[in-house]
Amino acid sequence: MKSLLIAILAAASLSAMAQSAVVPAPDQSALLSAVTSQARANKRLVYDFWRDVLEGGHLENADKYLSEGYVQHNPNVPSGRVGFVRFFGQFSEPHPVADHIQAPVVAMIAEGDLVVVALAQSHPVPGKTGQSYSTTWFDMFRIEHGKIVEHWDNALLEK
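Residues numbered from 1 in each chain as written. Predicted model: local features only at pLDDT ≥ 70, side-chain atom pairs only at ≥ 80, totals over all residues. Heavy atoms only, no water.

Within the protein one finds five helices and five strands. Reading the protein from its N end, one meets helices and strands in the order α-α-α-α-β-α-β-β-β-β. The proportion of buried residues among the 159 residues of the protein is 35%. Of all intrachain contacts in the protein linking residues separated by at least 6 positions in sequence, the fraction that spans at least 24 positions is 53%. Of the roughly 9900 Å² of accessible surface on the protein, a fraction of 60% belongs to carbon and sulfur atoms. (Helix = DSSP H or I, 4+ residues; strand = E, 2+ residues; numbered from the N terminus. Buried < 20%, exposed > 50% of the residue type's maximum accessible area, 1.4 Å probe, protein only. Contact = heavy atoms within 4.5 Å. Areas by Shrake-Rupley, 256 points an atom, 1.4 Å probe, with all protein chains shown as cover.)

Structure (structure tokens):
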């Protein structure tokens, strides 16, 4: 009985790592389509913000995308447009803006005033040198009057 239980637990732990990899969308431009013109505009705003400010490092353009009172729910980044610029200014330097998001985007979904961006990520398997697993990161933005007013993600407090 004990050996059967050990075999079942071993098989379960192997199947927990037997997953389908998270795969980025082959065509990001297709992700910008939406049923309503407002949903398309909200997706475009987030898409351009990501390329221009987050990846392109053009923090001088933050006022084009973020409201002054921008609310940040990531515990590592301060709220407010000024707080956002100060925080990312520690890590960012401007460079040419790419035609598409460089991160591996899986999906963009717009509903009402919200836009969700899902990204593929790969992480090392704890205790298994050289092995990695695939997972998804989510960012959600709330849009008001053509500006991002709020942001959520699944970040944990950094140590």
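We now examine the sheet that holds strand β2 (residues 105-111). Pairing is mixed across the open sheet formed by five strands, whose spatial order is β1-β5-β4-β3-β2. Each end of this open sheet is capped by a strand with a single partner; those strands are β1 (66-72) and β2. Adjacent strand axes in the sheet meet at a mean angle of 20 degrees when their direction is disregarded. Against the sheet, helix α3 (residues 37-55) contacts β1, β2, β3 (114-124), β4 (132-144) and β5 (147-153), and its axis sits at roughly 120 degrees relative to β4. (Pairing = 2+ DSSP bridges. Axes fitted to C-alpha atoms, helices over the stretch in contact; angles between N-to-C directions.)

Turning next to unusual backbone geometry. The phi angle at His145 is positive, at roughly 55 degrees, despite the residue not being glycine. Counting through the fold element by element, His145 comes out in the loop between β4 and β5.

Mapped onto the elements, Phe141 comes out in strand β4. By relative accessible area, which is 1% here, Phe141 ends up buried. Each C-alpha atom, one on Phe141 and one on Asn42, is 9.2 Å from the other, the two residues being 99 residues apart in sequence.

Attention now moves to the layout of surface pockets. A volume near 410 Å³ is recorded for the largest pocket. As for the largest pocket, its lining consists of 24 residues, of which Asn74, Val77, Phe88, Trp137 and Asp153 are closest to the centre. In terms of residues, the lining of the largest pocket owes the most to one element, α3, which gives four residues. A per-class count over the lining of the largest pocket returns 15 nonpolar, five polar and four charged. (1 Å grid on protein atoms, 1.4 Å probe; cavity = no way out; pocket = protein on both sides within 12 Å on 5 of 7 lines; lining within 4 Å. Points joined across faces, edges and corners; volume = space filled by probe spheres on them. Nonpolar A, V, L, I, M, F, W, Y, C, P; charged D, E, K, R; others polar.)

Attention now moves to α3. Across its 19 residues, α3 extends 26 Å between first and last C-alpha, which sits within 8% of the 27 Å expected from 1.5 Å per residue. Approximately 30 degrees is the largest bend angle found in α3, and it occurs at Phe49. Count one or two residues on from α3 and you reach Gly57, which has phi positive near 70 degrees. (Expected span 1.5 Å × (residues − 1). Bend = angle between axes of the 7 residues up to and from the residue.)

Turning to the nonpolar core, a few remarks are in order. Formed by 26 residues in total, the largest nonpolar core has its most connected members in Val46, Phe49, Met108, Val117, Phe141 and Ile148. Ranked by the residues each element gives to this core, the list is headed by α3, at seven residues. (Core = buried A, V, L, I, M, F, W, Y, C linked by side-chain atoms within 4.5 Å.)

With that settled, consider the confidence of the model for the protein. In the predicted model, the protein carries a mean pLDDT of 90, and the fraction of residues at 70 or more is 88%. Of the regions scoring below 50 in pLDDT, residues 4-15 engages in zero contacts with residues more than four places distant in sequence or in other chains. (pLDDT = per-residue confidence, 0-100.)

Turning our eyes to something else, we now look at helix α5 (residues 81-89). If you check which residues of α5 are buried, you get Gly83, Phe84 and Phe87. All buried residues of α5 fall inside an arc of 100 degrees around its axis, so they share one side. Opposite the buried face of α5, by more than 90 degrees, sit the exposed residues Val82 and Arg86. (Arc of directions from axis to C-beta.)

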